[in-house]
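Architecture and fold: a report
Letter by letter, the chains look like this.
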Amino acid sequence: MTSTATAPRRDLLQIRGLSAGEIVTLLDAATKWLDPASVSDRLAGRTVINLFLEPSTRTRVSFEIAAKRLGASVVNIAAASSSLVKGETLVDTARTLDAMHPDAIVIRHPSSGAPQIVARHTRAVVINGGDGAHEHPTQALLDALTMRIRKGRIDGLRVAIVGDVRHSRVARSNAHLLTTVGSDVVLCGPRSLLPEGIESIVGEAPGKLHATSSIDEALEGADVVMMLRVQHERQQESFFPSIGEYRTRYGLDAERLRRAKPDAIVMHPGPVNRGVEVSPDVADGPQSVILEQVANGVAVRMAVLDGLVGTRKTTD
Ligand code: NCD
């Protein structure tokens, strides 16, 4: 028995609350899995359930590939084919899955806090794959890894996060992570798409967090420009007059990008609304790292699965 075998179960539900040291340790661990040829049997005999109750391409596939590269078996459950459409509660779904002894449950859910609920009703490790407008921890980790690879550091960067900040779990997780490690974050979008009390998003942190409705101000001197998708599915009311107006005021094109540092990188968590938040020439241009983010996501998820599941006994 290793000393970690009896350690209490650890989940990854949010970035908020992680220390800079814990974040860097995870990024260091992910670095070891960056080579797509790296496989292991660390999770042989283990079962990972992907419980995805909201649409997903890259996150679900990324977790599946990560788990399989570590030797685990993967079961995928999608909203339309689950008993949730028959009226089963999330708690009953969690208990039902738990009875089959999975080692990890990766959950994506439209409601903030759903992963916490599942965690209370299973013995499996729970990993948040995105809950409502709350958090998306592995996305922030893969974004940070991409920044570290491209910029050589994650502290002291100026990061502009532009778009539908209000509904974005990606923005929230990134704001927590980046300010914790000492970067300066500027959140930018139409006033209606910036959450109230921005500063309350983060607690005590060495980095700084600002908000502005001026994209020119946000881009000025940025090392990293992270564009967000307009989350139509989370908007019950109209937050801006038209897509055309949004593109004119907040879309990133080559001319606007010149305000950022010449070596700035352009990021987007995907899926991209081409021609809305980012023009095709920028999305496919030399400063874009969008597909590197996707590639790095597998390494981050391998590190998270290995760190949380690989160190536990099957009987825990
Ligand atoms: C993001 C998400 O689902 O929060 N996508 C992703 O996981 N890469 C961002 C989005 O949907 O806009």
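These remarks concern the structure in this document.

Here the focus is the packing of aromatic side chains. A complete count under the given rule lists 2 aromatic pairs for this structure. Arranged with centres 4.9 Å apart and planes meeting at 40 degrees, the rings of F240 and Y246 form a pair that is tilted. Both residues of the pair, F240 and Y246, count as buried. On the numbers, 5.8 Å between centres and 35 degrees between planes, the contact of Y246 with Y250 is tilted.

Most of strand β1 (residues 47–52) sits inside the fold, with 5 of its 6 residues counted as buried. Alignment of β1 against strand β2 (residues 73–78), held across 6 bridges, turns out to be parallel. Directly across from L51, in β2, lies its bridge partner I77. Each parallel crossover has a hand, and the one from β1 via helix α2 (residues 58–69) to β2 is right-handed.

Turning to the site of the ligand, a few remarks are in order. Every residue lining the ligand is accounted for by R58, T59, R108, H136, Q139, R169, V170, R229, Q231, P269, G270 and P271. With respect to the ligand, the side chain of Q231 contributes an N or O atom lying 2.8 Å from an oxygen atom. Contact with the protein chains covers 95% of the free accessible surface of the ligand, which is 320 Å². Looking at the shell around the ligand, the elements that each hand over two or more residues are α2 and α6 (169–180). Along the lines of polarity and charge, the residues of the shell around the ligand split into 3 nonpolar, 5 polar and 4 charged. Mapping the shell around the ligand onto the domain boundaries places at least three of its residues in each of domain 1 (20–135 + 297–308) and domain 2 (137–294).

This part takes up the sheet that holds strand β9 (residues 265–267). Strand order across the open sheet formed by 5 strands is β7-β6-β5-β8-β9, with parallel pairing between neighbours. Each edge of the open sheet is held by one strand with a lone partner, namely β7 (208–212) and β9. Sheet twist, expressed as the average angle between the axes of neighbouring strands with direction ignored, equals 20 degrees.

About the thresholds
- Residues numbered from 1 in each chain as written.
- Predicted model: local features only at pLDDT ≥ 70, side-chain atom pairs only at ≥ 80, totals over all residues.
- Heavy atoms only, no water.
- Phe/Tyr/Trp six-rings, centres within 6.5 Å; stacked < 30°, edge-to-face > 60°.
- Buried < 20%, exposed > 50% of the residue type's maximum accessible area, 1.4 Å probe, protein only.
- Helix = DSSP H or I, 4+ residues; strand = E, 2+ residues; numbered from the N terminus.
- Pairing = 2+ DSSP bridges.
- Right-handed = clockwise from strand over helix to strand, strands pointing away.
- Near = heavy atom within 4 Å.
- Polar contact = N/O pair within 3.5 Å; in protein donor to acceptor, adjacent residues only side chain to side chain.
- Areas by Shrake-Rupley, 256 points an atom, 1.4 Å probe, with all protein chains shown as cover.
- Nonpolar A, V, L, I, M, F, W, Y, C, P; charged D, E, K, R; others polar.
- Domains from an automatic or database assignment.
- Axes fitted to C-alpha atoms, helices over the stretch in contact; angles between N-to-C directions.

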